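As a plain string of letters, each chain reads:
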Amino acid sequence: EMKLSAVSKKLWCVHKQLLLLLAPLVFLPLLFTLPEKEGKCLYVILLMATFWCTEALPLAVTAMLPVCLFPTLGILPAKKVCPQYFIETNFLFLSGLIMASSIEEWGLHQRIALKVLSIVGVKPAWLILGMMLTSSFLSMWLSNTATTAMMLPIASAILESLFGDLETLKQKCQSLDDPESALINGTLCAVTEFLKTNETNTAEEIKSEAQYQMKVWKGFLICIPYAASIGGTATLTGTAPNLILIGQLKSYFPDCDLINFGSWFAFAFPLMLLFLFLGWLWISFLYGGLNSRLCFKKHDCRAQAEAKAKALIIEDYKKLGPINFAEGAISFFFVLFAVLLFTRDPKFVTGWSVFFKKGYVSDAVTGVIIVSILFFFPSQKPSLRWWFDPQAANTPYVPLLSWKKAQDSVPWNIIMLLGGGFAMAKACEESGLASWIGGHLQPLADVPPAAAVMLITAFLACFTEFASNTATIIIFLPVIAELAMRVSVNPLYFMIPATVGCSYAFMLPVSTPPNSIAFASGHLMVKDMVKTGFVMNILGILSVSLAMNTWGVAMFNLHSYPEWAHPVNKTAIALVPFSSVPPLNATL
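Residues numbered from 1 in each chain as written. Predicted model: local features only at pLDDT ≥ 70, side-chain atom pairs only at ≥ 80, totals over all residues. Heavy atoms only, no water.

1. Let's talk about the overall build of the protein
Spelled out, the test is: A run of H or I in DSSP becomes a helix once it reaches four residues, and a run of E becomes a strand once it reaches two; helices and strands are each numbered from the N terminus. Relative accessible area decides the class of each residue, using a 1.4 Å probe on protein chains only: under 20% of the type maximum gives buried, over 50% gives exposed, and in between gives partly exposed. Residue contacts follow a heavy-atom distance rule, with two residues in contact if any of their heavy atoms lie within 4.5 Å. Accessible surface is estimated by sampling points in the Shrake-Rupley manner with a 1.4 Å probe; for residues, cover comes only from the protein chains shown.
A tally of regular secondary structure across the protein gives 31 helices and zero strands. Each of the 588 residues in the protein was classed as buried or not, and the buried ones make up 52%. For the protein, long-range pairs separated by at least 24 residues make up 78% of all intrachain contacts whose partners lie at least 6 apart in sequence. Accessible surface computed for the protein: about 26,700 Å², of which carbon and sulfur atoms make up 68%.

Put into structure tokens, the structure is as follows:
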């Protein structure tokens, strides 16, 4: 038994290396059992999916495998694979990241956070709402990870002013639950002191108050990563899966111009608000924030603590001082960035792109124009007096953003990951693998499209709990696009819910970096995340289904099979007569 245990430990130490050796051998039969080109393409995709899900190789290194394997296996020439790594969509992503790094550089995100928290008030439920609104708004523009990392210390400071030191709170809960173990640990004296100073309260009241405070603390910590994940779905640059969708749409359906920054925001922002509200109700209900004190004032020890927390937020905001020239300039360019992207071609009204040659100016062009200005716009207010004053200090010119700061802030691994996804999609399309898989999905033609939307969202929301959301959407989006064409349903009707569903990873600490950061604080347990996240996933699936079947249908004309989806897959459409498939509008 000892030997077996030792061997298993040794194997675990080298499990990633074993995976790297065994996975290529396990998938080898695919090369001989499937049609030649399709088999080779599927071999590479399964290999990459395995490495991504297990992280046997760093995600970015796995993303570079298409450059090695597609040309050597004769699937795609290198001149077609390599350009996929820095297509137009990646420039849009890069411009969003550079804008985010300039916001972080001048502390504008902290000012926004403290201002929102000072407005919403400090009763637990309202404060959780303030935390969620701030986190979701910031993660629309910053990365979800950066938002969570910034908001958690703010949350901890507010909680300490509300409830005191967390360790003391834990001791109270433990001591009152188990006096014997508390005596052994020497913590009962702290509680005895607390009882002396609060003679009017019984031990039972103190115990229930301490447990309530611990629950609220957990609610605070758990709402931030969840809100960051939800907020990222509202803008195209908010999270990588949204960019994968637009990149793959351009690859599969070159004539589809329905989705850009403005039209995506018009669809996804109301969905984000709906899900955020439902999520707030659930988290507040579960962690004690929803009670009669939500709307009615009550003068007790809690009210005193809340007043103290409010004072802390206001004091922290005052410490930032008045808005300086650099913060004002960044605010202006940030608003300009968002407005120009939103109004370029929002579909429901005529955008400013009509002033340029049709098809020439894209979201990427807009983003790069704005962020380029940041590298030369001054961070200090220019003064004419300086030129004529020989005594004035000759300080060096400092722009709003330096290239070194931008270079350090940009997660280049995610850009490689996007490129790997686009290369994989290109290979699926050109090798005929997507059509081959689509042919084997024929039985799904009998599933009503509205039910299929819920199934797709649920499946991907579950799968992304164990794998990176970017890797998940890269693997499944080509299959989902092919499925939609096989059953003669508007591809966007399946592809949009799949993309949004990939960001709904709430159940495990390893699901997303924000979840990991919140869990690493040491105050959350896995069971807390599973219990909260399971219901969050259900609420997310229902919200997406509602959005797709109401305003989504109207915005993207989802009730009919579009003209732009015909030319790419004539053979597939010929195989499935329209009459054999229930029309989409019959199920809506």
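Continuing now.
2. Quick notes on the nonpolar core
As a reminder of what qualifies: Definition used in this section: a nonpolar core is a set of buried Ala, Val, Leu, Ile, Met, Phe, Trp, Tyr and Cys residues joined via side-chain atoms within 4.5 Å. An automatic or database domain assignment supplies the start and end points of every domain.
In this structure, M131, F494 and I496 are the most contacted members of the largest nonpolar core, which totals 167 residues. Here this core gets 13 residues from one element, more than from any other, and that element is helix α17 (residues 261-286). Composition of this core by domain shows at least three residues from each of domain 1 (35-85 + 412-565) and domain 2 (86-108 + 322-384).

3. What about a nonpolar patch on the surface?
Operational definition: For patches, a residue must show more than 30% relative accessible area and have no salt bridge; joins then use 9 Å for like charges and 5 Å for nonpolar side chains, namely Val, Leu, Ile, Met, Phe, Trp and Tyr. When a carboxyl oxygen of Asp or Glu lies within 4 Å of a side-chain nitrogen of Lys or Arg, that pair is called a salt bridge.
A surface patch of nonpolar side chains, amounting to about 950 Å² of accessible area, comprises V7, L11, V14, L18, L21, L22, L25, V26, L28 and F32. It is helix α2 (residues 15-26) that contributes the most residues to the nonpolar patch, five residues altogether. Topologically, V26 is positioned in helix α2.

4. Topic: the packing of aromatic side chains
Here is the rule: The pairing test for Phe, Tyr and Trp rings, Trp by its six-membered ring, is centres within 6.5 Å, and the orientation test on the planes gives stacked under 30 degrees, edge-to-face over 60, and tilted for anything in between.
Per the stated rule, a full pass over the model turns up 27 aromatic pairs. Ring geometry for F265 versus F342: centroids 5.4 Å apart, planes at 80°, classification edge-to-face. With F265 in helix α17 and F342 in helix α19 (residues 325-343), the pair connects residues that are 77 residues apart, well separated along the chain. Residue classification places F265 among the buried positions, given a relative accessible area of 19%. Looking at F342, the relative accessible area reads 25%, which means it is partly exposed. For the pair Y504 and F506, a centre-to-centre distance of 5.9 Å together with 25° between the ring planes defines the contact as stacked. We note that Y504, like F506, is buried.

5. Quick word on the environment of L57
The topology assignment puts L57 in the loop between α4 (36-54) and α5 (59-63). With 40 residues separating them in the primary sequence, L57 and Q17 have C-alpha atoms 8.9 Å apart. Excluding residues within four positions of it along the chain, L57 makes contact with L20, F51 and T62.

6. Quick look at helix α16 (residues 240-252)
To keep things clear, this is the line we draw: Helix span is expected to be 1.5 Å times the residue number reduced by one.
Here α16 spans 18 Å end to end across 13 residues, near enough to the 18 Å set by a 1.5 Å rise per residue. Of all 13 residues making up α16, 12 are buried, and the element is well covered by its neighbours.

7. Some points on the layout of surface pockets
Worth spelling out the cut-off: Here a cavity denotes a set of grid points, spaced 1 Å apart and computed over the protein atoms alone, in which a 1.4 Å probe fits but from which it cannot get out, and a pocket denotes an open set meeting protein on both sides within 12 Å along at least five of seven lines; residues with an atom within 4 Å of a point are reported as lining. Grid points are joined across faces, edges and corners, and a volume is the space filled by probe spheres set on the points. Residue classes follow a fixed rule: Ala, Val, Leu, Ile, Met, Phe, Trp, Tyr, Cys and Pro count as nonpolar, while Asp, Glu, Lys and Arg count as charged, and any other residue, Gly among them, counts as polar.
There is about 820 Å³ of room inside the largest pocket. Lining the largest pocket are 39 residues, with T145, I414, N469, T470 and P513 positioned closest to its centre. Of all the secondary structure elements, the ones that give two or more residues to the lining of the largest pocket are α4, α8 (88-105), α11 (144-163), α23 (412-431), α26 (469-486) and α28 (513-520). Considering each element in turn, the lining of the largest pocket owes the most residues, six residues, to α8. Each residue belonging to the lining of the largest pocket can be placed in one class, and the counts come to 19 nonpolar, 18 polar and two charged.

8. Things to note about α4
Taking 1.5 Å as the rise per residue, α4 with 19 residues should run 27 Å; its terminal C-alpha atoms sit 27 Å apart, in good agreement. Of the residues trailing α4, E55 is marked for its positive phi of about 55°.

9. Description of the confidence of the model for the protein
For clarity, the cut-off: pLDDT expresses, on a scale from 0 to 100, how confident the predictor is about each individual residue.
Summing up the model confidence of the protein, the mean pLDDT is 80 and the portion of residues at 70 or higher is 86%. A low-confidence stretch, residues 292-297 stays under pLDDT 50, and its non-local contacts, those more than four residues away or across chains, total 12 contacts. A low-confidence stretch, residues 567-588 stays under pLDDT 50, and its non-local contacts, those more than four residues away or across chains, total 36 contacts.

10. Some details on the packing of α16 against α23
Applied cut-off: Helix axes are fitted to C-alpha atoms over the stretch in contact, other axes to C-alpha atoms as well, and angles between N-to-C directions run from 0 to 180 degrees. Each angle receives one of four descriptions, namely roughly parallel if under 35 degrees, roughly antiparallel if over 145, roughly perpendicular if within 65 to 115, and oblique otherwise. The sense of a crossing depends on the near helix, which, turned anticlockwise from the far helix by less than a right angle, makes the crossing left-handed and, turned clockwise, makes it right-handed.
In the contact formed by α16 and α23, the axes pass within 10 Å of each other and the chain directions differ by 30°. By the angle class used here, α16 and α23 are roughly parallel. Remark: the crossing between α16 and α23 carries right-handed chirality. On α23, the residues that touch A240, L243, I244, G247, Q248, S251 and Y252 of α16 are I414, L418, G421, F422, A425, K426, C428 and E429.

11. Let's talk about the side chain of T464
Using the following cut-off: Think of a polar contact as two N or O atoms within 3.5 Å of one another; within protein, one of them needs to be a possible hydrogen donor and the other a possible acceptor, and neighboring residues in sequence only count if both atoms come from side chains.
Turning to its location among the elements, T464 is positioned in the loop between α25 (449-463) and α26. A residue is classified by how much of its surface remains accessible, and T464, at 0% relative accessible area, is buried. Within the structure, T464 has its side chain in polar contact with the backbone oxygen of C502 (distance 3.1 Å). Not counting residues within four places of it along the chain, the set of residues in contact with T464 comprises N469, T472, G501, C502, Y504, A505 and S511.

12. Quick look at unusual backbone geometry
With a phi angle near 55°, S488 is a residue other than glycine that sits in the positive phi range. Within the fold, S488 resides in the loop between α26 and α27 (491-501). Owing to a relative accessible area of 13%, S488 belongs among the buried residues under this scheme. A positive phi angle is found at N557, which is not glycine, with a value near 55°. Among the structural elements, N557 can be located in the loop between α29 (526-556) and α30 (570-575).

13. Here we look at the pattern of salt bridges
In the structure shown here, the tally under the stated rule is 12 salt bridges. One salt bridge in this structure joins E88 and K250, with 3.0 Å as the shortest N-O distance. Linking E88 in helix α8 with K250 in helix α16, this pair joins segments that are 162 residues apart in sequence. Relative accessible area serves as the criterion here: at 39%, K250 is assigned to the partly exposed category. E105 is the salt-bridge partner of K405, the closest N and O atoms lying 3.9 Å from each other. With K405 in helix α22 (residues 403-409) and E105 in helix α8, this pair connects stretches of sequence that are 300 residues apart. Taking the relative accessible area as the measure of exposure, E105 reaches 38% and is therefore partly exposed. One salt-bridge network, held together by shared partners, links K80, K426 and E430.

14. Section: the side chain of Q248
By secondary structure assignment, the location of Q248 is in helix α16. For Q248, a relative accessible area of 0% puts it in the buried group. Sequence-distant contacts of Q248, that is, excluding residues within four places in its chain, are made with F253, G421, F422, A425, I474, L477 and P478.

15. Description of the packing of α19 against helix α20 (residues 363-374)
Two numbers describe how α19 lies on α20: the axes approach to 9 Å, and their chain directions differ by 170°. In terms of orientation, α19 and α20 fall into the roughly antiparallel class. Along its contact with α19, which presents I330, F333, L336, F337, L340 and L341, the element α20 presents D363, T366, G367, I370, V371, I373 and L374. For the contact of α19 with α20, a count of residues per class yields 10 nonpolar, two polar and one charged.

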